[in-house]
Amino acid sequence: MKILVINAGSSSLKYQFMESDGGEVFAKGLCERIGIDGRLTHKVPGREDVVREIPMPTHNEAIQSVLDIMVDPEKGVIASTDEIAAVGHRVLHGGAAFTESCIIDDACIAAIEKCIPLGPLHNPANLMGIRACQKIMPNTPQVAVFDTAFHMTMPPKAYIYAIPYEYYEKDDVRRYGFHGTTHRYVSARAIDMLGNPEHSRVISCHLGNGSSLAAIVDGKVVDTSMGLGPLAGFPMGTRCGDIDATILEYLMGRYGYDIKEMLNILNKKSGVLGISGVSSDFRDLDNAAAEGNERAQLALDKFIYEVRKYIGAYATAMGGVDAILFTAGIGENSIDLREKICTGLEYMGIKMDHDKNNVRGKEALVSADDSKVKIYVIPTNEELMIAMDTAALCK
Ligand code: ADP
């Protein structure tokens, strides 16, 4: 089925038009500066990119510009928008209500709206994308695929926070976890490569600008590092990961920050950027550390140290581990970080093959032949997962 996959942000919208069966991408692109002026970048494999300034006061004009370029006689890839069988939307927060993807109807929209307090930045933007598609393509089925859904198999002891229980009961305060679509896609690939054993214990390491780990037993998440929101876990590009809440009170008192300013620091100015003062980009940190920048080295050391601690914790939570997999920008590309994360874990049966690990951006088994635990590099393909879910629900 030919599916249009949409990832709508507040002022941007990414799209990919693809075949759900096999994943061939016909066209993809990005609408930027929605609500400001508007720019469309449209890419078709084997052709020159098209960049157009198009007024986009709202997401409606953005979606319309995507459809217009797709049917453009010269730059397009389809004769009519009827060829779009369905639209799959990435939605950040599904709360506990959504354990899987669902066809978008009034009840689904109401449930996504109800989750706005949990995903205040993303859910409203996701809804704008959904509403624009409903308006402009009223007869095309739409599906919502949630970042949180795959994690909803966690047991209460993993998702409950140790604060008064009433906040869970009344206010839905609990661990939700994110990157679920990626963790689902890559762990399914890993289980497939393990030969589909009856019992499998996988640690999925999504290491990108935002990062999270998930512990997955028999294809079901039992724990994950992000929490109610994506700030939790280990340090990321600019996010702090788990910290002592006392720090908030201390710094807010000392500098007079309000909670918004404090959270902005923890979300945008912390992580490896905060420690190094150099960059949130791991390539910049590698370069700076190689030139002797000690804080860049410390940021890298901290990141590696915390990821290793999570691997140890999740192996214990699962009573062992059969496979560790690396995905996303850093996980797929940083040979050095993968190596440093795995080195010294031989006591757990984790043994890397340094030659095999010399790989970037493609699926590979990188553990030694005698490693008890298989180590895989598996490029994520979130769009394909969204397209597959959309096709399955619309068939
Ligand atoms: P996002 O979470 O925004 O989708 P990505 O998954 O694209 O992010 O990951 C971005 C990160 O991947 C950046 O920190 C970048 O430095 C890192 N990265 C990409 N290529 C490499 C590489 N060759 N070596 C080290 N880090 C890399």
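Residues numbered from 1 in each chain as written. Predicted model: local features only at pLDDT ≥ 70, side-chain atom pairs only at ≥ 80, totals over all residues. Heavy atoms only, no water.

A. Here's a closer look at the pairing of strand β10 (residues 211-217). With seven of seven residues buried, β10 is to be regarded as a mostly interior element. Here β10 shows a buried face lined by Ser 211, Leu 213, Ala 215 and Val 217 and a second buried face lined by Ser 212, Ala 214 and Ile 216. Bridge analysis of strand β9 (residues 201-207) against β10 gives seven bridges, and the strand direction is antiparallel. When the sheet's bridge partners are listed, Ser 204 is paired in β10 with Ala 214. Connecting β9 to the next strand, β10, in antiparallel fashion are three residues. The turn joining β10 and strand β11 (residues 220-224), which pair antiparallel and follow one another in sequence, is formed by two residues; a positive phi near 50° is taken by Asp 218. (Buried < 20%, exposed > 50% of the residue type's maximum accessible area, 1.4 Å probe, protein only. Helix = DSSP H or I, 4+ residues; strand = E, 2+ residues; numbered from the N terminus. Pairing = 2+ DSSP bridges.)

B. Focus on the sheet that holds strand β8 (residues 142-146). The strand order across the open sheet built from eight strands is β5-β4-β3-β2-β1-β6-β8-β7, with neighbouring strands paired in mixed fashion. Two strands bound the open sheet, and with one partner strand each, they are β5 (50-53) and β7 (102-103). Where strand β6 (residues 86-91) lies against β8, five bridges are found, and the strand directions are parallel. Residue Arg 90 lies in a different strand from β8, and its bridge partner there is Val 145.

C. Spotlight on the packing of aromatic side chains. Counting across every chain of the model gives nine aromatic pairs. Between Phe 282 and Phe 303, the ring centres sit 4.7 Å apart and the planes meet at 65°, which makes this aromatic pair edge-to-face. With a gap of 21 residues between them, Phe 282 in helix α10 (residues 282-290) and Phe 303 in helix α11 (residues 294-318) connect regions that are remote in the sequence. The same class applies to Phe 282 as to Phe 303, namely buried. Ring pairing ties together the aromatic residues Phe 234, Phe 282, Phe 303, Tyr 310 and Tyr 314, which thus form one cluster. The lysine or arginine in question, Lys 2, covers the ring of Phe 26, its NZ or CZ lying 5.3 Å from the ring centre. (Phe/Tyr/Trp six-rings, centres within 6.5 Å; stacked < 30°, edge-to-face > 60°. Lys NZ or Arg CZ within 6 Å of the ring centre and 35° of its normal.)

D. Inspection of the sheet that holds β9 at higher detail. Here we have six strands laid out as an open sheet, ordered β11-β10-β9-β12-β14-β13, and mixed in their pairing. Sheet topology places β11 and β13 (364-365) at the edges, where each strand pairs with a single neighbour. Relative to strand β14 (residues 374-377), strand β12 (residues 323-327) is paired through four bridges, and the arrangement is parallel. Pairing of Phe 326 across the sheet is with Val 377, part of β14.

E. Seen up close, the nonpolar core. If you look at the biggest cluster of nonpolar residues, it comprises 40 residues, and the most contacted ones within it are Ile 203, Leu 207, Leu 213, Phe 303, Ile 311, Ile 324 and Ile 350. Those elements that place two or more of their residues in this core are β9, β10, α10, α11, β12, α13 (335-342) and β14. Element by element, the count of residues in this core is highest for α11, at eleven residues. Setting aside chain neighbours within four positions, we find Ile 203 in contact with Leu 213, Ala 214, Ile 311, Tyr 314, Ala 315, Met 318, Val 321, Ala 323, Ile 324 and Leu 325. (Core = buried A, V, L, I, M, F, W, Y, C linked by side-chain atoms within 4.5 Å. Contact = heavy atoms within 4.5 Å.)

F. Region of the structure containing the site of the ligand. The ligand sits among 13 residues. The nearest are Asn 209, Asp 281, Phe 282, Gly 329 and Ile 330. Measuring from an oxygen atom of the ligand, one finds a backbone N or O atom of Ile 330 at 3.3 Å. Within the complex, 69% of the 580 Å² of free accessible area of the ligand lies under protein. The set of elements that each furnish at least two residues to the shell around the ligand consists of α10 and α12 (328-333). Take the shell around the ligand: its biggest share by element is four residues, from α12. Taken together, the residues of the shell around the ligand sort by class into three nonpolar, seven polar and three charged. (Near = heavy atom within 4 Å. Polar contact = N/O pair within 3.5 Å; in protein donor to acceptor, adjacent residues only side chain to side chain. Areas by Shrake-Rupley, 256 points an atom, 1.4 Å probe, with all protein chains shown as cover. Nonpolar A, V, L, I, M, F, W, Y, C, P; charged D, E, K, R; others polar.)

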